[in-house]
Amino acid sequence: MATTQPSFTVSPATNNPIRIGCFAPQCFVRVPKPPCYRRRLVSATRFQRKIGGGGLIRCELPDFHLSATATTDAGVSTEDAVDRVQIPKGEMWSVHKFGGTCVGNSQRIRNVAEVIINDNSERKLVVVSAMSKVTDMMYDLLRKAQSRDDSYLSALEAVLEKHRLTARDLLDGDDLASFLSHLHDDISNLKAMLRAIYIAGHASESFSDFVAGHGELWSAQMLSYVVRKTGLECKWMDTRDVLIVNPTSSNQVDPDFGESEKRLDKWFSLNPSKIIIATGFIASTPQNIPTTLKRDGSDFSAAIIGALLRARQITIWTDVDGVYSADPRKVNEAVILKTLSYQEAWEMSYFGANVLHPRTIIPVMRYNIPIVIRNIFNLSAPGTIICQPPEDDYDLKLTTPVKGFATIDNLALINVEGTGMAGVPGTASDIFGAVKDVGANVIMISQASSEHSICFAVPEKEVNAVSEALRSRFSEALQAGRLSQIEVIPNCSILAAVGQKMASTPGVSCTLFSALAKANINVRAISQGCSEYNVTVVIKREDSVKALRAVHSRFFLSRTTLAVGIIGPGLIGATLLDQLRDQAGVLKEEFNIDLRVLGITGSKTMLLSEIGIDLSRWRELLNEKGTEANLEKFTQQVHGNHFIPNTVLVDCTADSGIASRYYDWLRKGIHVITPNKKANSGPLDQYLKLRDLQRKSYTHYFYEATVGAGLPIISTLRGLLETGDKILRIEGICSGTLSYLFNNFVGDRKFSEVVAEAKKAGFTEPDPRDDLSGTDVARKVIILARESGLKLDLADLPIRSLVPEPLKGCASAEEFMEKLPQYDGDLAKERLEAENSGEVLRYVGVVDAVNQKGTVELRRYKKEHPFAQMAGSDNIIAFTTTRYKDHPLIVRGPGAGAQVTAGGIFSDMLRLASYLGAPS
């Protein structure tokens, strides 16, 4: 790029030189000058100024500074009296920070250089980390040298070779020779220092920091050479010459902004440039001793320098598309956040989210400098902007009150408890004074308002030291009974919900705790600051991922996901799996629901998957990859997936043994959905125990399909009761098989003929006696009676069996069907009597709530009665209540068949998803 050259006229000439520097463009000119001088900031297109004894300087350029260094004839330097060039500040600067992954190899360094070149900002300062893994390699050198492991020499050679190969791929000619010369000098110095550490068996912190910071020096130099190869002016900065920090006792450093600003001005006066490549991570103490900003400190470097320059923007380049709403390794559906406030970013950083170095936010907040997180490997992604949003931001008002979630694992909770704590000043001071004495870090504090207890979380590796210190400090109080216990609760994790809008949105905490409860997760401690930027809970470590996914899903940041186990892939189970397959895409895209089948088991074979079974091939997979069925292992596998917070087992069998397991499943937090009638019509005490557990927990038990297949019979009954109606009588045809039989048992047709027809059409069980015995209808009557509040047992019901007594002992269904025609006469006679009276026969179940009883019987109805208008295998249920006394409420529709029964189960699954947070 062409630049305008300044012109100078100096008169008269003397023997003493003066150095004059100007920038935009920058240059240094040495001219003869007497020792008397003045410095002036000039902001004019053209100026003339007398200096000292008459030296006249003329410059055609705007906006530049003058600096002068003069030496008298006596050899006395006047440099100390000169104001150095001040670096320009303001929105002309953009600051970039590239992490180690971004400069991990030669091609990535070229990509970084291209990003710098394409930035059209007037001035650019770029902070770089060491190449990927190099900082770890440097710390490994130190460990090996301190432990007197001779392999530190070969490890150092590996560091040299990594950078030598990279430089040879990037550079050539004088640039390559210059870099390699500096590299070899640095390696020689490191070798000498490591040898001293090897001999001493110890490295001071300053020695360690000096060694560890070399990676940034090398990456900054290489990048500056690559940028200069494009023809742009570029200088590299060793930030140990500029950034001054004061180490603190907490393994942190505090920037000295005043001194750093002075040193930055001095550095720029000697190295003016529009593009500066600066080293991240490293700095110096006020005594000029090399130090670091500690691990992940390059972000902090960029923030400090950005604040010093009053930059327009700081861009942090990394290998992700932005800041996620949760750790994407734990929550697959985590989303990129478009914006975060400074406070939100700070909170998420503190709680372990991979956002920024926790202290990065502090310097930029003072000058309201936005930080943009972007992906060097996906330049099309806009990234996440961290800034202070305006209070009237309309888009902010529309966003969810919680921006994101973060977890910290491997913690322990310490609970200090005792009646002697209440009202005693200084107790908390004594507790945390003891914690401070052992150098432990307190992550979270929670105190009961009664002052009876204080609990706090610390890293698990520090808990033993803290516990011992507390027991020592409070030994007298423990012996005297003023403190009752100092309890350590290990294996804990912290879950934090973060969002600036939480402070102004009622119900956030309610939603959070509801989501945790529905995922069967117990909260050990709670903490919330008055600023309400975060709500923090302590949970079991084993529940960490499950809890994270549960709350993330509940705030509509991701799909409501259920781990599904299907028990019984017979006719109904298979139909349900096919319905799930056909509807899965629509549920995910339109309803934000992911029903993920992790297991299918029959009586002999089961199929399990960690991520979800491909339902388009489930039959093939069950045959090819199925293993021996084991219900315990099956349950453990489906429920043990910590990446899915909610588990539902769907029992599509009629097995009483499986039904007996419902109680244990519900107690473990596993939801149950079933068409199996055995649990709700089994022994009354077991049923009452099951329902009591369901009412006391957040675990759901749905069984709509137990009565009427897909018809909303149970839900209708519950709706009546919950709204205060009183059930007087429930009467209905609730067997699709028996409905079909008596709808077709007309004219001269024989009953055995109709049964054979129904069996052939698949309307009956393999053994028709299971239908004709009336037991299935009786179970449905018991279920409806118990839902209505009646405490009836199956043995209490009189049942009209349609199986002739002599045929009950037939050895097979075939034998039964062969002998059934012998008994057609009895039912034919009943039909004839009914027809002669203008009536029809219907097989019904009755719940008489007024008289506290139930019956299953063959009844006669007038032809104008709704029960007489039936066709096919439809079911019909009539609810007579105090509200519907004269005209019963009737539910009618298909009540049998695999499709409608599977549909009823599917409906229950969607209802469960809605209860667990899916949008309705």
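(A) Region of the structure containing the overall build of the protein. Helix and strand counts for the protein come out as 31 helices and 34 strands. Considering the protein as a whole, with its 920 residues, one finds that 52% of them fall into the buried category. Contacts spanning at least 24 positions in sequence make up 70% of the contacts within the protein whose residues lie at least 6 apart. Carbon and sulfur atoms form 49% of the exposed surface of the protein, whose accessible area is close to 40,800 Å².

(B) Representation of the nonpolar core in the model. In this structure, Tyr662, Trp665, Leu741, Phe742, Phe751, Leu772 and Leu802 are the most contacted members of the largest nonpolar core, which totals 68 residues. Element by element, the count of residues in this core is highest for helix H28 (residues 775-787), at 7 residues. Val126, Leu171, Tyr198 and Val226 belong to the second largest nonpolar core, which has 54 residues in total.

(C) Spatial organisation of unusual backbone geometry. The backbone of Phe281 sits at a positive phi, close to 80°, despite the residue not being glycine. Tracing the backbone shows Phe281 in the loop between strand S10 (275-279) and strand S11 (282-284). With a relative accessible area of 3%, Phe281 lands in the buried category. A positive phi angle is found at Ala709, which is not glycine, with a value near 55°. For Ala709, a relative accessible area of 5% translates into the label buried.

(D) Region of the structure containing the sheet that holds strand S33 (residues 874-881). What the 5 strands build is an open sheet, ordered S32-S31-S30-S33-S34; its pairing is antiparallel. The open sheet has two edge strands, strand S32 (853-862) and strand S34 (889-894), and neither has a second partner. For this sheet, the mean angle separating the axes of adjacent strands, direction not counted, is 20°. Across 10 bridges, the pairing between strand S31 (residues 839-848) and S32 is antiparallel. Note that in S32 the partner of Glu839 across the bridge is Lys862. Along the sheet face, helix H24 (residues 713-722) touches strand S30 (727-733), S33 and S34 and points at about 10° away from the line of S33.

(E) Broad picture of the packing of helix H2 (residues 134-146) against helix H5 (residues 205-212). Between H2 and H5, whose axes approach to 9 Å, the crossing angle comes to 140°. Accordingly, the angle class assigned to the pair H2 and H5 is oblique. Classified by chirality, the crossing of H5 by H2 is right-handed. Along its contact with H2, which presents Met138, Tyr139 and Leu142, the element H5 presents Ser208, Val211 and Ala212. Of the residues that constitute the contact of H2 with H5, the class distribution is 5 nonpolar, 1 polar and no charged.

(F) Highlighting helix H23 (residues 684-696). Its 13 residues give H23 an end-to-end C-alpha distance of 18 Å, which sits within 8% of 18 Å, the value for a rise of 1.5 Å per residue. Regarding H23, the residues found buried are Leu684, Tyr687, Leu690, Arg691, Leu693 and Gln694. Those residues of H23 that are buried lie in contact with helix H21 (662-667), helix H22 (678-681), strand S29 (701-702), H24 and H28.

(G) Representation of the sheet that holds strand S7 (residues 235-237). Pairing in this open sheet of 8 strands is mixed, and the strands run S7-S10-S6-S5-S13-S15-S16-S14 from one edge to the other. Of all the strands in the sheet, the pair left with one neighbour each is S7 and strand S14 (339-341). Across the sheet, the mean angle from the axis of one strand to that of its neighbour is 20°, orientation sign disregarded. Relative to strand S13 (residues 313-318), strand S5 (residues 93-98) is paired through 5 bridges, and the arrangement is parallel. Bridge pairing in S13 places Ser94 opposite Gln313. Set on the sheet, helix H9 (residues 342-350) makes contact with S14 and strand S16 (384-387); between it and S14 the angle comes to about 90°.

(H) Here's a closer look at the packing of helix H3 (residues 152-170) against helix H4 (residues 173-200). For the pair H3 and H4, interaxial distance at closest approach is 11 Å and the crossing angle is 170°. On the basis of the axis angle, H3 is roughly antiparallel to H4. As H3 packs across H4, the resulting crossing turns out to be right-handed. Between H3, through Tyr152, Leu153, Leu156, Leu160, His163, Arg164, Ala167 and Arg168, and H4, the contact on the second element is made entirely by Leu176, Phe179, Leu180, Leu183, His184, Ile187, Leu190, Lys191, Leu194, Arg195 and Tyr198. Counted by class, the contact of H3 with H4 contains 13 nonpolar, 2 polar and 4 charged residues.

(I) Seen up close, the environment of Gly215. When you line up the elements, Gly215 lands in helix H6 (residues 214-228). Spatially, the C-alpha atom of Gly215 lies 6.1 Å from that of Val134, the residues being 81 residues apart in sequence. If we ignore the near neighbours within four places in the chain, the residues touching Gly215 are Ala130 and Val134.

(J) Examining the pattern of salt bridges more closely. Under the defined criterion, the tally for this structure stands at 43 salt bridges. Put simply, Glu205 and Lys294 hold a salt bridge, and the shortest N to O gap is 3.0 Å. Here Glu205 is found in helix H5, whereas its partner Lys294 is found in the loop between strand S12 (290-292) and helix H8 (298-309), with 89 residues between them in sequence. For Lys294, a relative accessible area of 14% gives the class buried. Between Asp578 and Arg619 there is a salt bridge, with its nearest N and O atoms 2.8 Å apart. Here Asp578 is found in helix H17 (residues 571-591), whereas its partner Arg619 is found in helix H18 (residues 618-625), with 41 residues between them in sequence. Among the charged side chains, a salt-bridge network with shared partners connects Asp578, Arg581, Asp582 and Arg619.

(K) Here's a closer look at the side chain of Thr706. As for its placement among the helices and strands, Thr706 is situated in the loop between S29 and H24. Thr706 sits in the buried class, given a relative accessible area of 0%. A polar contact of 2.7 Å, which involves the side chain of Thr706, links it to the backbone oxygen of Tyr703. Ignoring sequence-local partners within four residues, the contact set of Thr706 consists of Thr674, Pro675, Asn676, Lys677, Lys780 and Ile783.

Definitions and cut-offs
- Residues numbered from 1 in each chain as written.
- Predicted model: local features only at pLDDT ≥ 70, side-chain atom pairs only at ≥ 80, totals over all residues.
- Heavy atoms only, no water.
- Helix = DSSP H or I, 4+ residues; strand = E, 2+ residues; numbered from the N terminus.
- Buried < 20%, exposed > 50% of the residue type's maximum accessible area, 1.4 Å probe, protein only.
- Contact = heavy atoms within 4.5 Å.
- Areas by Shrake-Rupley, 256 points an atom, 1.4 Å probe, with all protein chains shown as cover.
- Core = buried A, V, L, I, M, F, W, Y, C linked by side-chain atoms within 4.5 Å.
- Pairing = 2+ DSSP bridges.
- Axes fitted to C-alpha atoms, helices over the stretch in contact; angles between N-to-C directions.
- Parallel < 35°, antiparallel > 145°, perpendicular 65-115°, else oblique.
- Left-handed = near helix turned anticlockwise from the far one by under 90°.
- Nonpolar A, V, L, I, M, F, W, Y, C, P; charged D, E, K, R; others polar.
- Expected span 1.5 Å × (residues − 1).
- Salt bridge = Lys/Arg side-chain N within 4 Å of Asp/Glu carboxyl O.
- Polar contact = N/O pair within 3.5 Å; in protein donor to acceptor, adjacent residues only side chain to side chain.

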